[in-house]
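Survey of secondary and tertiary structure
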Amino acid sequence: MGTGAVVLMTDHGSGEGSRVPLEKAVELLTGAPPLSVDARHFMRGGSGRVSFGRTGFRMEVVSEGFVVRPEVLIVYEIPPADRWRLVAFQRQLSIERSLSFGADPDAWRNATDKRRTVDCFRRDGIAQMQTIPLCQPDLGTALDAFERLGQDAWARPTVGAGGTDVFHLTTRTHLSAALGHYAASGQDWLLSRDARNVTQDG
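Worth saying up front: this structure is predicted, and the values here are computed from it rather than measured.

**Points about the pairing of strand E5 (residues 66–75)**
It is a general feature of regular strands that their side chains alternate between the two faces of the sheet. In this structure, strand E4 (residues 56–61) lies alongside E5, joined through three bridges in antiparallel fashion. When the bridges of E5 are listed, Met59 appears paired with Val68.

Right, here's the structure in full:
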C-alpha cells in the first residue's frame, strides 16, 4: 500500500488529454511520478472505496490492486456532464480538507453550470458581459435575446464541452444555425454580448 503519495485522479475515458502533462508536472515538481487512478471507480456506481481512520484517508480499488493513503489528491479532467456522479466522493473529501483543496461539489456545480456561474458573478458584483440564458427556446425567444444584445453575441452551452459548441453570432442566419445545433443536441445555452475587445486586425 502506498503512503504519502501524490495521487492524480482523472477520468481515463476523457479525450481532453490533461492527464499525461499533469503526471509530468507532478514528477518535475516532486521528483516522483504520481499514482494515477481512474476517477470512474469513485463515481456513482463505481467499485472504488474510501475510508477514514487514525492513519488518515484511504482509497481502494480492489479490482486494480490499488490501495493508497495519499498525502495529496489532485482531481482533474472530469467531463462536465459526469461531474454530478462524483459528488458523493467529494463530500467525503470535505472531511479531510487538508488533502484536497477546492473539492466542494457546490463550487464545482457553480463552475460547471454556466447559468449558475453568471448568477454568482452577478451576486458578487463581478463584471461580465450581459448574458441571457436560453432553455430550449423557440426562434422568437432566441431572436428577442439576440436583438437585446445588439445582434453581436457569443453562444455557448450551459454545460461546457471544452470550448466546443461555441459560436459568434452576428446575423439572424448565424442565430438560426446555433438554435438548430443546440436543439439537435438537446443543450440549453447562453447568449452573451460581445465585449468587442478583439478586432479583425488583432
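**Quick word on helix H1 (residues 19–30)**
End to end, H1 covers 16 Å across 12 residues, agreeing with the expected 16 Å (1.5 Å per residue, within 8%). One or two positions beyond H1, positive phi appears at Gly31, with a value near 90°.

**Observations regarding the environment of Arg44**
Inspection of the secondary structure assignment puts Arg44 in the loop between strand E2 (35–38) and strand E3 (49–53). A residue is classified by how much of its surface remains accessible, and Arg44, at 59% relative accessible area, is exposed. Distance from Arg44 to Asp138, taken between C-alpha atoms, is 35 Å for residues 94 residues apart in sequence. When sequence neighbours within four positions are dropped, the list of residues in contact with Arg44 reads Trp84 and Arg85.

**A look at unusual backbone geometry**
A positive phi is found at Glu77, a non-glycine position, where the angle reads about 55°. A positive phi angle, near 45°, is found at Gln136, a position not held by glycine. Mapped onto the secondary structure, Gln136 falls in the loop between strand E6 (131–134) and helix H5 (139–148).

**Observations concerning H5**
Taken residue by residue, H5 has Ala142, Leu143, Ala145 and Phe146 as its buried positions. Projected onto a plane normal to the axis of H5, the buried residues spread over an arc of 160° and lie on a single side. Looking at the packing, one finds that the buried side of H5 touches E6, strand E7 (153–157), strand E8 (167–169), helix H6 (172–185) and strand E9 (189–193). Count one or two residues on from H5 and you reach Gly150, which has phi positive near 80°.

Conventions and cut-offs
Residues numbered from 1 in each chain as written. Predicted model: local features only at pLDDT ≥ 70, side-chain atom pairs only at ≥ 80, totals over all residues. Heavy atoms only, no water. Pairing = 2+ DSSP bridges. Helix = DSSP H or I, 4+ residues; strand = E, 2+ residues; numbered from the N terminus. Expected span 1.5 Å × (residues − 1). Buried < 20%, exposed > 50% of the residue type's maximum accessible area, 1.4 Å probe, protein only. Contact = heavy atoms within 4.5 Å. Arc of directions from axis to C-beta.

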